[in-house]
Structure formats: structure tokens, C-alpha cells
Amino acid sequence: MRIEHFEYIVEISKTKSISLASERLNISQPSMSQALATFEDEIGLKVFNRSKAGTFPTERGQAIIIKSQEILNAIEEIKLFGSVQHSLLKGRLSISSTPAICQSVLPRVLSSFTKKYPGIQLELAEGDSQEIKEQILNGEIDVGIIADARKEIEIHPSLIYKPIVQSKMMICVGHHSPLAHKTKISLSEAMDYPLICSSPSLRGLLHQLGRPKFLVKTGHMEAVKNIIAEGIAIGFFTQINLKMDPYIHTGKIIPLEISDDVLGEIWYHFIKLKSLRSNASSEFCKELQKEVLLV
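Computed from a predicted model, the values in this text were never measured in an experiment.

**Notes on the pattern of salt bridges**
Opposite charge on two side chains permits pairing when their charged atoms draw close. Tallied over the entire structure, the rule returns 13 salt bridges. Put simply, Arg2 and Glu4 hold a salt bridge, and the shortest N to O gap is 2.5 Å. Given a relative accessible area of 46%, Arg2 falls into the partly exposed group. Residue classification places Glu4 among the partly exposed residues on the basis of a relative accessible area of 26%. Note that Arg108 and Glu291 form a salt bridge whose closest N and O atoms lie 2.8 Å from each other. Remark: Glu291 occurs in helix 13 (residues 279-292) and Arg108 occurs in helix 6 (residues 106-116); sequence separation between them is 183 residues. Through salt bridges with shared partners, one network takes in Arg92, Glu123 and Asp142.

**Some points on the nonpolar core**
Within the largest apolar cluster, 42 residues are counted, with the highest numbers of intra-cluster contacts made by Leu106, Ile171, Phe236, Tyr268, Phe284 and Leu288. Apart from the residues within four sequence positions on either side, Ile171 is in contact with Ile185, Leu187, Ala190, Ile234, Gly235, Phe236, Ile254, Pro255, Leu256 and Ile258.

**What to know about the environment of Phe270**
Along the chain, the position of Phe270 falls in strand 12 (residues 265-273). For Phe270, a relative accessible area of 4% corresponds to the buried category. In this structure the C-alpha to C-alpha distance between Phe270 and Ala37, which are 233 residues apart in sequence, comes to 53 Å.

**Observations regarding the packing of helix 6 against helix 13**
Close contact between helix 6 and helix 13 brings their axes to 9 Å; oriented N to C, the two are set at 130°. With respect to each other, helix 6 and helix 13 are oriented oblique. By crossing handedness, the relation of helix 6 to helix 13 is classed as right-handed. For the pair helix 6 and helix 13, the contacting residues are Leu106, Arg108, Val109, Leu110, Ser112, Phe113 and Lys116 in the first and Ala280, Glu283, Phe284, Glu287, Leu288, Lys290 and Glu291 in the second.

**Some remarks on helix 6**
All of the buried residues along helix 6 are Leu106, Val109, Leu110 and Phe113. In an axial view of helix 6, the angular spread of the buried residues amounts to 95°, which keeps them on one side of the axis. Where helix 6 is buried, its residues touch strand 3 (91-97), helix 5 (99-104), strand 4 (120-126), strand 5 (143-148) and helix 13.

Thresholds, definitions, all that
Residues numbered from 1 in each chain as written. Predicted model: local features only at pLDDT ≥ 70, side-chain atom pairs only at ≥ 80, totals over all residues. Heavy atoms only, no water. Salt bridge = Lys/Arg side-chain N within 4 Å of Asp/Glu carboxyl O. Buried < 20%, exposed > 50% of the residue type's maximum accessible area, 1.4 Å probe, protein only. Helix = DSSP H or I, 4+ residues; strand = E, 2+ residues; numbered from the N terminus. Core = buried A, V, L, I, M, F, W, Y, C linked by side-chain atoms within 4.5 Å. Contact = heavy atoms within 4.5 Å. Axes fitted to C-alpha atoms, helices over the stretch in contact; angles between N-to-C directions. Parallel < 35°, antiparallel > 145°, perpendicular 65-115°, else oblique. Left-handed = near helix turned anticlockwise from the far one by under 90°. Arc of directions from axis to C-beta.

Written out as C-alpha cells, the structure reads:
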């Protein structure tokens, strides 16, 4: 039993003619007839009935034709996978991400991706969502991961996006903080304490709700977590940013739910230029999607 047997069966089914099928597949009619007879002998049933009106599937032969098409489809998928692997042997992919994803999910994504595609040179940067959009539009980076409060977002017409994962916003306090015994806290209560917040959109929202006491504005997450752990201020993080965080695991930082649903959940999106035709970017997005399911 060979691959061409399945090709012959499918083509005969389409054309209802051995002679026409043999012409389309560039093989002699006697050779195709002999191959079909050999195949039918091997499986022990007739796939087609031949008559002057044409060549038509038998009742049981119809199932063989369907299976033959499935086999050919699977072979094409394998060939496509192979071509993708081959095309990814060399190249460069630059990525920029918001800190939450960059520090939680991306390390494992980068590890698994480079094992699969060692010929791809990855370049990683960190920034806020607006910076990332501008970098992609300016051609400075290939793909980005941004954060937004909405699943469906409107961005520049030259960009496309794919929602990756959503995550709840949490307020983090140090283990010596007077708030450490709580499990929930309201935003109005949180604004009685010094705050650390690097997100421009979140800072704007907090200003709308009252008069927040911002201690410092920094995107350096290690410094932020040290300040929070020491009880100097409290800060905002999404759950996905805290999943594998050593400060959380050692109890130096305590995450609290926000009792009033003002902030809602944050969506993270994979974005790139519509004009970017890159197998590397598509495969990276798939790897990212697989990883966030494990978080």
C-alpha cells in the first residue's frame, strides 16, 4: 500500500473515470487500473464498480475514499509543518512586551521557542503599550504584547491583534503592612497609602477617583517589589504577573483582591503589522498561547 494508491482512489472518485484520473495524474491507464486492483486485493474489498456509465464507489468503497482523503490531508499537513520548520532555520524576531508578561510568561516561551527553532535570533525589549505600538509602526520591532482593559480593541489600521489572556488586577502590600491581614481592599482605602503605579492609564483612572499619593513612578519591577516588600508603598499588579513571583511565594508581598470592580480585568494582546508575513512571528504567537494556558 503506497501513498499514490490513495491519490488514485481520490482522483477516480472525483472524475468518475479511470482514464480521466490517469490523465490528470500523468500515469498510464493500465498502470492505474493495475494499482487499483492490487489495492483492492490487499484490503479485501472492491472500492469501485466499473460500468459504461463510469466508475462509481461501492457502498463500502465510499468509506475507503473518505479515509484516503484524510490520509492525503494529513500528509499535506506534515509537509507544511516541515516547510515551516525549514523556513525558520534562520532569521531574527524582535519582541517587545509589557512588564507583566515579560517577567512572568515570556521566559518560558523564549526557552521553548529557542529549543524548537535554534536558528532564530530573538531580541526582547520591555515597554508600555503605547511605546510598543509606536515601535511596531516605526519598524523598530516585529511583534509586541500589550495590555488593555478591553478584549476587543481599536488600534492603528496597519496593525492586527490577537487577544492572548485576561488577568485580574490586584493590589500588593508588604508582609509588615497594616493591610497584610486583609484579603480584599477597596480603591478608596488603597488611596490612603503611598502608591507605586507606572501605568499612565491606571494613574489617570486613579486621579479620576480621588487624590492618590503617588510615591514614585518607575517601570523597574524589582525596585517596585522591594519598596512594596519593605512596606514603604503599595502597588498594582495583574494576577498573571504574580503567578511565579518569588516575593509572593516567600510571603514578602501579599496580593489583595480589589473589592470595588472599577478596574475589572486586563487583556493582553499579541500585535504585529498586517504587512508582516513571518512564519517566525506566527509560531511565536502559537507558543505564547500554549504557555499562557499553563499559567
